[in-house]
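Residue-level listing of the chains:
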Amino acid sequence: MAASVWKRCVTAAVKVKCLSPSLSARRWLLSAAYTDTKVWEAREKDPQNLALLATTMDRTYDRNLPVSSLSVSRFVDNISSREEIDQAEYYLYKFRHSPNCWYLRDWTIHSWIRQCLKYGAKEKALHTVKNKVQYGIFPDDFTFNLLIDSYIKDGNFKSACSVVEEVMLQEAFDRPSTQILSLYAMGRYQATRPQLTVSEERALGASLLICGLQQDNTVGLSAQLLGNALLGKVEMLNGIHAVFRGMPLYWGHGYLGRALALMERAAAASGDVKLTKDAVDYTRDLLQELSSTSDSDSSGAESAGEEDEEKKEDHVDEADQAERAKLPQYVTRFKELSSQLESEGKVDSASFQDSASALAHQNLAAAEKPDLEQYLSRVQGWEADNRQLIVREKEMRKKAEQEKNERLAAKAAAQQA
């Protein structure tokens, strides 16, 4: 079977130049070794009756006593059906709102995501990740990668980008594998030209910008351009406060100005780093759209209603108005820079989607190796910590039993006296 797989991979490698990225995309996802569950399943088992464990936790909560992180971990580890996923979600929520909420273990979070993927409950995993404050689900980079990869394989790039948004909010673009997967997912999603709300534009723009900063290549630079352009659109239409609220972003005005500065830097840079044509075209279209909106607003030909306009202006201060006044300068400067980029051969004819796919094809396999080594070490550390917790639990139970017996003995002695 291994020989058959190898033969298929070699055949795919020969054909890769003939295939479009959309047809050969599956080859550029995480490898079978990365997504394999053998290392995780090889852990020491701690079988539990979930009905009894649930009853014990319920009684503990009813007595206003804290449930241990070990109990929640055991419940999640012993999930064996889709229905039990829903039960585990309830106890994760309860634990998050208990005095022990800070002690949800990293391996419990990893196990939760793996169980959701195993039993066809990706939407539940995404729900708890997006509502992390309510559930305490803050995955590590390896776990994020598994969830992003699962959505990519399903062709659900919108949900994949929702996971990438959470990576961005946690500022967790440390691993090259996470960066590559995120850029791939965003490239595929952006290529569909989705109709985005303001919050979605802000989230996608911030994700593109922050992730792009980690890659010093054509894909990274193009991602930064797209990100700054999207955030600039939000800033122009809704003010700077609509950009950075709840986002790990720079608070200063001028995101469109930064997009143009990036184009200028690309034009002056030496080497093979370029901007993709569709990223430049997208920025041009966005500036034209903003110019049209500005003209229609000034002439009064287009209005969203008096109440909406009043609410909108409440969030726009003088600095925002000054930034809006720069739009004609931005349009003129963009035309100059785009012409300069074209003349100097700094515009890549490949799309952002194709460039991100090529990056995944070239670099993802190498990026996986350190991840797998770190994951193996991490799982071993988790097992050691889990064993220590079990030992401590036994000691505490033994101590509690001794204290109970001493109290009963003292009470019996007092009654005899």
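Cut-off values and rules
- Residues numbered from 1 in each chain as written.
- Predicted model: local features only at pLDDT ≥ 70, side-chain atom pairs only at ≥ 80, totals over all residues.
- Heavy atoms only, no water.
- Helix = DSSP H or I, 4+ residues; strand = E, 2+ residues; numbered from the N terminus.
- Buried < 20%, exposed > 50% of the residue type's maximum accessible area, 1.4 Å probe, protein only.
- Contact = heavy atoms within 4.5 Å.
- Areas by Shrake-Rupley, 256 points an atom, 1.4 Å probe, with all protein chains shown as cover.
- Phe/Tyr/Trp six-rings, centres within 6.5 Å; stacked < 30°, edge-to-face > 60°.
- Core = buried A, V, L, I, M, F, W, Y, C linked by side-chain atoms within 4.5 Å.
- Polar contact = N/O pair within 3.5 Å; in protein donor to acceptor, adjacent residues only side chain to side chain.
- Axes fitted to C-alpha atoms, helices over the stretch in contact; angles between N-to-C directions.
- Parallel < 35°, antiparallel > 145°, perpendicular 65-115°, else oblique.
- Left-handed = near helix turned anticlockwise from the far one by under 90°.
- Nonpolar A, V, L, I, M, F, W, Y, C, P; charged D, E, K, R; others polar.

Engineer: What am I meant to see in the overall build of the chain here?
Structural biologist: When helices and strands are counted, the chain shows 22 helices and 2 strands. Each of the 417 residues in the chain was classed as buried or not, and the buried ones make up 46%. Put simply, 77% of the contacts in the chain that link residues at least 6 apart link residues at least 24 apart. Approximately 21800 Å² of the chain is accessible, and the part contributed by carbon and sulfur atoms is 51%.

Engineer: What is the right way to read the packing of aromatic side chains from this model?
Structural biologist: One pair of aromatic rings is described through two measures. These are the centre distance and the angle between the planes. Within the structure shown, the criterion is met by 7 aromatic pairs. The interplanar angle of 90° and the centroid separation of 6.0 Å between the aromatic rings of Trp40 and Trp382 together place this pair among those described as edge-to-face. Of this pair, Trp40 sits in helix H4 (residues 38-41) while Trp382 sits in helix H22 (residues 352-416), and the two are 342 residues apart along the sequence. With a centroid separation of 4.0 Å and 5° between ring planes, the pair formed by Phe142 and Tyr375 is classed as stacked.

Engineer: What is the right way to look at the nonpolar core in this model?
Structural biologist: Where a protein is soluble and globular, its nonpolar side chains tend to be buried together. Ranked by internal contacts, the top residues of the largest apolar core, which has 111 residues, are Trp112, Ile137, Ile152, Leu249, Met263 and Leu275. In terms of residues, this core owes the most to one element, H22, which gives 11 residues. Beyond its immediate sequence surroundings of up to four residues, Ile137 is in contact with Leu92, Leu104, Ile109, Trp112, Ile113, Thr128, Val129, Lys132 and Gln170.

Engineer: Help me out: how do you make sense of the side chain of Thr276 in this one?
Structural biologist: Mapped onto the fold, Thr276 is located in strand E1 (residues 275-276). Owing to a relative accessible area of 0%, Thr276 belongs among the buried residues under this scheme. A distance of 2.9 Å separates the side chain of Thr276 from the side chain of Asp278, its partner in a polar contact. In contact with Thr276, other than residues within four places in its own chain, are Thr218, Ser222, Val347, Asp348, Ala350, Ser351, Phe352 and Ser355.

Engineer: Quick question: what am I supposed to make of the packing of helix H8 (residues 106-118) against helix H11 (residues 141-153) here?
Structural biologist: Two numbers describe a pair of packed helices, the interaxial angle and the distance between the axes. Running from N to C, H8 and H11 point in directions that differ by 15°, and their axes come no closer than 10 Å. It follows from the interaxial angle that H8 and H11 lie roughly parallel. Both H8 and H11 take part in a crossing whose hand is left-handed. Contact residues: His110, Ile113, Arg114 and Leu117 in H8; Phe142, Thr143, Leu146, Leu147 and Ser150 in H11. Class assignment of the residues belonging to the contact of H8 with H11 gives a composition of 5 nonpolar, 3 polar and 1 charged.

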